[in-house]
Amino acid sequence: MGKTYERIDGRLRTFIESQPVFFTATAPLGADGTVNLSPKGLTGSFAVLDEHTVAYLDFAGSNAETIAHLRENGRITLMWCAFQGPPNIVRVHGRGEPVFRDDPRFPGLLARFPDIDATAHGLRAVIVVTAELIRDTCGYAVPLMAYGRDRDLHAKRFAREDDASLDAYFTRKEHVATSLDGLPGLPLPLPPSTV
């Protein structure tokens, strides 16, 4: 049933790019560390950069577990499920890196997301993932669900923030600069944007 792919292209790329939601999973190296699993969405916030590299925008939130785990060990798995159409699940296992706003690569990466106003969401980083293993499985047990639309609440909440107030927001949150397991998370003060 499952198949391994050498690259992200053709039907596989079309499937990934057409899903309105995907999930990220990371974990620290410590055996007693907290595994993190997060849903990601917002139209235009995901991009296939090449046949082995994908990226997504990391927006403001109340923690930074994914960033902390990637900074420690780089391990990440992304997963897409077909909630409509033929059943399918695709996983990309790989190595990820948070590219922060003061990184010279940041403007070029941000240009790969032309269909979203990232500033309205308190953009913290671009997460770049290099695929090491690409697999799909049947997805026969995934329910059929209809996609309505993106929620507008995140943009409404964070569009009113500037760098100073966003930095203050992150500083007040217990698990943004430091993860649940005490790992370094988002660098604070918030790096200034290069764009």
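Worth saying up front: this structure is predicted, and the values here are computed from it rather than measured. (Residues numbered from 1 in each chain as written. Predicted model: local features only at pLDDT ≥ 70, side-chain atom pairs only at ≥ 80, totals over all residues. Heavy atoms only, no water.)

**Student:** How should the environment of His 52 be read in this particular structure?
**Tutor:** Within the secondary structure, His 52 sits in the loop between strand E4 (46-50) and strand E5 (53-58). Classification of His 52 by relative accessible area gives partly exposed; the value is 34%. Look past the residues within four positions of His 52 in its chain and what remains in contact with it is Glu 6, Arg 7, Val 129, Thr 130 and Ala 131. (Helix = DSSP H or I, 4+ residues; strand = E, 2+ residues; numbered from the N terminus. Buried < 20%, exposed > 50% of the residue type's maximum accessible area, 1.4 Å probe, protein only. Contact = heavy atoms within 4.5 Å.)

**Student:** Whenever I open this one, the pairing of strand E8 (residues 125-137) confuses me. Can you help?
**Tutor:** A regular strand places its side chains on the two faces of the sheet in alternate fashion. By the bridge criterion, three bridges tie strand E1 (residues 3-5) to E8 in an arrangement that is antiparallel. Across the sheet, residue Lys 3 finds its bridge partner in E8, namely Asp 136. Pairing of E5 with E8 involves six bridges; the strand directions are antiparallel. Bridge pairing links Ala 55 to Val 128 in E8. (Pairing = 2+ DSSP bridges.)

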